[in-house]
Amino acid sequence: MFKRNNLLAVLLLPIFAVASFSAQAEGALSARQVIDNFHADLINVMKNGKQLGFAGRYDKLYDSVSKSHDLTKIARIVIGKEWEKLSEEQQKKLVDVFSKLSVASYAHNFKEYSGESFTFDSEESTTRGGVIIHEHLSIPDDKDVKFDYMLKDNGDSWRIINIIANGVSDLALKRSEYTAVLQREGFDALIAKINEKISQYSKQ
């Protein structure tokens, strides 16, 4: 079953109408298609969640998350001005562990299937060249969860750069938490905290 409360708190995953030429190129997916494909992958993993286990779900979702999310941009936004203070090696390490955290979050929260389904509600363009896809997740015997996906064209395709679940911004949650750790305790402490969270996901 979908882990409703956990995802609202830690969706890893998480700003912006005119699509650029590259997004309109032949064979390129639209923003909505990116979300549709990602949701299809999530549902498929949920349906096989028990058999796959955490490691199997993680492996199945790694490419899907990497292709649908701009993980480098998200990591950079999350720590804001602190990004420029990091060395190139530190930046690469942060993107790597943050990417693993994002995949682990999905593998943990979407572990079982009990009839959940995603439904498209609407799409809007923004004045900053992005697209917002509004959808909701129907959960049997529970309230729907509203998702607002913010996507930006990165030059190759549309990619998710933030997810708002029932009005809660994943990006804002992470920025508040991780920036504070980085400023107060330093880079190594931040990496350790993220790795600890990944470990917790893998055991639950």
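In case you missed it, the structure is sitting above this.
Nothing here was measured: the structure is a model prediction, and the numbers come from that model. (Residues numbered from 1 in each chain as written. Predicted model: local features only at pLDDT ≥ 70, side-chain atom pairs only at ≥ 80, totals over all residues. Heavy atoms only, no water.)

Q: Outline the pairing of strand 2 (residues 130–138), supporting the account with residue identities and numerical values.
A: Taking burial as the measure, the 9 residues of strand 2 include 8 buried ones, the bulk of the element. With 8 bridges connecting them, strand 2 and strand 3 (residues 145–153) associate as antiparallel partners. Paired with L137 across the strands is V145, a residue of strand 3. Counted along the chain from strand 2 to the antiparallel partner strand 3, the turn is 6 residues long, and its residue D141 has a positive phi close to 60°. (Buried < 20%, exposed > 50% of the residue type's maximum accessible area, 1.4 Å probe, protein only. Helix = DSSP H or I, 4+ residues; strand = E, 2+ residues; numbered from the N terminus. Pairing = 2+ DSSP bridges.)

Q: Which residues make up helix 4 (residues 49–68), and what values do they have?
A: Here helix 4 contains 20 residues, and its C-alpha end-to-end distance of 20 Å is more than 12% below the 28 Å for a straight helix at 1.5 Å per residue. Its axis deflected by about 80° at A55, helix 4 carries its strongest bend there. Every buried residue belonging to helix 4 is among G49, F54, G56, R57, Y58, L61, S64, V65 and S68, and all of these are buried. Looking at the buried positions of helix 4, the neighbouring elements they touch are helix 3 (31–47), helix 5 (71–79), helix 6 (88–109), strand 4 (158–165) and helix 8 (187–203). (Expected span 1.5 Å × (residues − 1). Bend = angle between axes of the 7 residues up to and from the residue. Contact = heavy atoms within 4.5 Å.)

Q: Let's hear about the pattern of salt bridges: which residues, and what values?
A: Under the criterion given, the structure shown has 8 salt bridges. Measuring nitrogen to oxygen at the nearest pair gives 3.7 Å for the salt bridge that ties D36 to R32. Here D36 pairs with R32, and both are found in helix 3, just 4 residues apart, close to one helical turn. Among the residues examined, D36 registers a relative accessible area of 33% and is labelled partly exposed. One salt bridge connects K174 with D170, and the closest N-O pair in it is separated by 2.4 Å. Residue K174 and its partner D170 are both found in helix 7 (residues 170–185); the two are separated by 4 residues, about one turn of the helix. Overall, the relative accessible area of 4% leaves K174 in the buried class. Since its relative accessible area comes to 2%, D170 is described here as buried. (Salt bridge = Lys/Arg side-chain N within 4 Å of Asp/Glu carboxyl O.)

Q: Could you give me a rundown of the packing of aromatic side chains, with the residues and numbers involved?
A: Evaluation of the coordinates by the stated rule reveals 6 aromatic pairs. On the numbers, 5.1 Å between centres and 80° between planes, the contact of F38 with Y106 is edge-to-face. Of the two residues, F38 sits in helix 3 while Y106 sits in helix 6, which places them 68 residues apart along the sequence. Across the pair, Y106 and F38 agree in class, each one buried. Site record: aromatic cluster; members linked through ring pairs are F38, Y106 and F110. (Phe/Tyr/Trp six-rings, centres within 6.5 Å; stacked < 30°, edge-to-face > 60°.)

Q: Mind laying out the nonpolar core, listing which residues take part and the relevant values?
A: Of all hydrophobic cores here, the largest spans 53 residues; its most connected members are L94, Y149 and L151. In terms of residues, this core owes the most to one element, helix 6, which gives 9 residues. (Core = buried A, V, L, I, M, F, W, Y, C linked by side-chain atoms within 4.5 Å.)

Q: A description of the sheet that holds strand 2 should follow, citing residues and the corresponding values.
A: The strand order across the open sheet built from 5 strands is 1-2-3-4-5, with neighbouring strands paired in antiparallel fashion. Either end of the sheet is taken by a strand with one partner, and the two such strands are strand 1 (117–125) and strand 5 (168–169). Bridging between strand 4 and strand 5 involves 2 bridges; their strand directions are antiparallel. Looking at the pairing, A165 lines up with V168 of strand 5. The strands touched by helix 3 are strand 1, strand 2, strand 3 and strand 4; relative to strand 2, the strand with the most contacts, the crossing angle is about 30°. (Axes fitted to C-alpha atoms, helices over the stretch in contact; angles between N-to-C directions.)

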